[in-house]
Amino acid sequence: MVIPPWENQTTIAEFVLRGFSSIRQLNIFLFMTFLVFYILIVSGNILIVLLVFFSHHLHTPMYFFLVNLSFLEIWYTSNIIPKMLLIIIAEQKTISVAGCLAQFYFFGSLAATECLLLAVMSYDRYLAICQPLHYPILMTRPLCIKLASSSWLCCFLLTAITMVLLSRLTFCGPNEIDHFFCDFTPLVHLSCMDTSLTETIAYATSSAVTLVPFLLITASYSCILVAILRIPSGTGRRKAFSTCSSHLTVVTVFYGTLIATYLVPSANSSQLLRKGFSLLYTILTPMFNPIIYSLRNRDIHEALKMCLSKKPSFLLG
């Protein structure tokens, strides 16, 4: 009987995340920069959630989906940045195999959920602009809840398939991951088993949750563009476009960073460069989302002014 080679090797119990060890001299600068970014991301997205919750005029489908997106961004960055800060400042680079797999699971699930939520938001904008008379009838509260909940559930279940396959792999060493978080590719490269099935299924599921929403978004905005061009007045066209410009900007930034990251040829680029691209969608995109929706949204401005103008209850009377 032939014994598989990995059965003769010692199974590792933890990984070492190297982070930005090649530029250790910049540790203090990196720590302060990423800490400020993390505070901005969490505070900005919490602000949007609170504004929508306390402002009744924002209780619409578009802002319901925006709250889902903001909550996702808080969870998404909290899954990666705190550990990354510990790696940089405290040199706490070790992470258990179970912890690493859990981090990847939440990273993959939340990134996939963002793709579907952006597609749902584009569908909402399509109905609002292309079928304005039927919009209140079509985009009801029960439908909004179903669309949002199905986006979350679908992506967490799909990522669970890859997670189960990853958990069945044997990792024999080396145990160093040249990244600042547990991503799929560095993980499978450390396995001493055949990973072809795991990689095929992971590629299929990731393609499904990125390409299909992207095609739906493209189709929605194609219809929106045609509808806007048919509006006779310039004022009407600008008003219609302003209702979807923030979302379109977020979609462009999100998919632009994904394309820039995963189309970088691994053979012709340094690992440090790929880490830099990874920072685009793990830090910059979540930070830009609340900024984009705040700067380019009159409803958010009005809600913020109303909240700031209200006196605290202990000052009244």
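Residue positions are counted from 1 within each chain, in the order its sequence is given. It should be noted that, the model being predicted, local features are given only for residues of pLDDT at least 70 and side-chain atom pairs only at 80 or more, the latter also being counted only at that level, while totals for whole chains, interfaces and linings use all residues. Heavy atoms from the whole structure form the basis of all side-chain values; hydrogens and water molecules are not counted.

By the bridge criterion, 3 bridges tie strand β1 (residues 14–17) to strand β2 (residues 94–96) in an arrangement that is antiparallel. Among the inter-strand pairings, V16 is bridged to a residue of β2, identified as T94. Pairing between two strands requires that DSSP report at least two bridges joining them. A helix here means a DSSP run of H or I that spans at least four residues, while a strand means a run of E at least two residues long, and both kinds are numbered starting from the N terminus. Pairing between β1 and strand β3 (residues 176–177): 2 bridges, direction parallel. Opposite V16, over in β3, you have E176 as the bridge partner.

Attention now goes to the packing of helix α4 (residues 97–130) against helix α6 (residues 141–167). Fitted lines through C-alpha atoms give the axes, limited to the stretch in contact for helices. The angle between two N-to-C directions lies from 0 to 180 degrees. In the contact formed by α4 and α6, the axes pass within 8 Å of each other and the chain directions differ by 145°. Crossing geometry of α4 relative to α6 is assigned as right-handed. With the far helix as reference, a near helix turned anticlockwise by less than a right angle produces a left-handed crossing, and one turned clockwise produces a right-handed crossing.

Further remarks concern the UniProt feature "transmembrane region" (unreviewed entry) in the chain. UniProt positions are given in the numbering used here, feature names are shortened, and annotations may be inferred rather than shown by experiment. Under the local residue numbering, the UniProt record ascribes the feature "transmembrane region" (unreviewed entry) to residues 28–53, 65–90, 102–123, 143–166, 201–228, 240–264 and 276–295. What you have in residues 28–53 is 100% helix and 0% strand, and the ends, taken at the C-alpha atoms, are 37 Å apart. Between the C-alpha atoms that bound residues 143–166 the distance is 35 Å, and the span itself is 100% helix and 0% strand.

Note on placement: D124 falls in helix α4. Relative accessible area serves as the criterion here: at 1%, D124 is assigned to the buried category. Whether two residues touch is decided by their heavy atoms; if any such pair falls within 4.5 Å, the residues are in contact. Every residue in contact with D124, bar those within four places of it in the chain, is listed here: P61, M62, F65, Y135 and M139. Note on exposure labels: buried denotes an accessible area under 20% of the residue type's maximum, exposed denotes more than 50%, and partly exposed covers the range between, all computed with a 1.4 Å probe on protein chains only.

A few words on the nonpolar core. Nonpolar core, defined: a set of buried Ala, Val, Leu, Ile, Met, Phe, Trp, Tyr and Cys residues in which side-chain atoms within 4.5 Å join the residues together. Judged by nonpolar contacts, the single largest core of 84 residues is most densely connected at F15, F20, F34, M84 and L187. By residue number, the principal contributor to this core is α4, which donates 16 residues.

All right, on to the state of the cysteines then. The criterion for a disulfide is a pair of cysteine sulfur atoms lying within 2.5 Å. Using the criterion set out here, one finds 2 disulfides in the structure. The disulfide that involves C100 links it to C182, with 1.9 Å between the sulfurs. One quick way to see it: the torsion about the S-S bond of C100 and C182 is about -120°, and its sign makes the bridge left-handed. Placement of the pair is C100 in helix α4 and C182 in the loop between β3 and α7 (184–189), with a sequence separation of 82 residues. In this structure C100 comes out as buried when scored by relative accessible area, which is 0%. Disulfide partner of C172: C192, at an S-S distance of 2.1 Å. Of this pair, C172 sits in the loop between α6 and β3 while C192 sits in the loop between α7 and α8 (196–229), placing them 20 residues apart in sequence. For the chain, the disulfide bridges join cysteines in the arrangement 1-3, 2-4, where the cysteines are counted in sequence order. The thiol of C144 is not disulfide-bonded; the next cysteine sulfur, from C130, is found 17 Å away. In this structure C155 is not part of a disulfide, and its nearest cysteine sulfur, from C154, lies 5.1 Å away. Here C155 falls in the buried class, since its relative accessible area comes to 0%.

Along the chain, H179 falls in the loop between β3 and α7. Overall, H179 belongs to the buried group, its relative accessible area being 4%. Polar contacts involving the side chain of H179 include one to the side chain of S278, which spans 3.4 Å. Side-chain atoms alone can form a polar contact between residues adjacent in sequence; in general such a contact is a pair of N or O atoms within 3.5 Å, and within protein one must be able to donate a hydrogen while the other accepts it.

An order of β2-β1-β3 is seen for the 3 strands of this open sheet, with the pairing classed as mixed. Where the open sheet ends on each side, the last strands, each with one partner, are β2 and β3.

Whenever Lys or Arg places a side-chain nitrogen within 4 Å of a carboxyl oxygen from Asp or Glu, that contact is recorded as a salt bridge. Under the counting rule described, the total for this entry stands at 1 salt bridge. Notably, a salt bridge pairs R125 with D124, separated by 2.9 Å at the nearest N-O pair. Here R125 falls in the buried class, since its relative accessible area comes to 8%.

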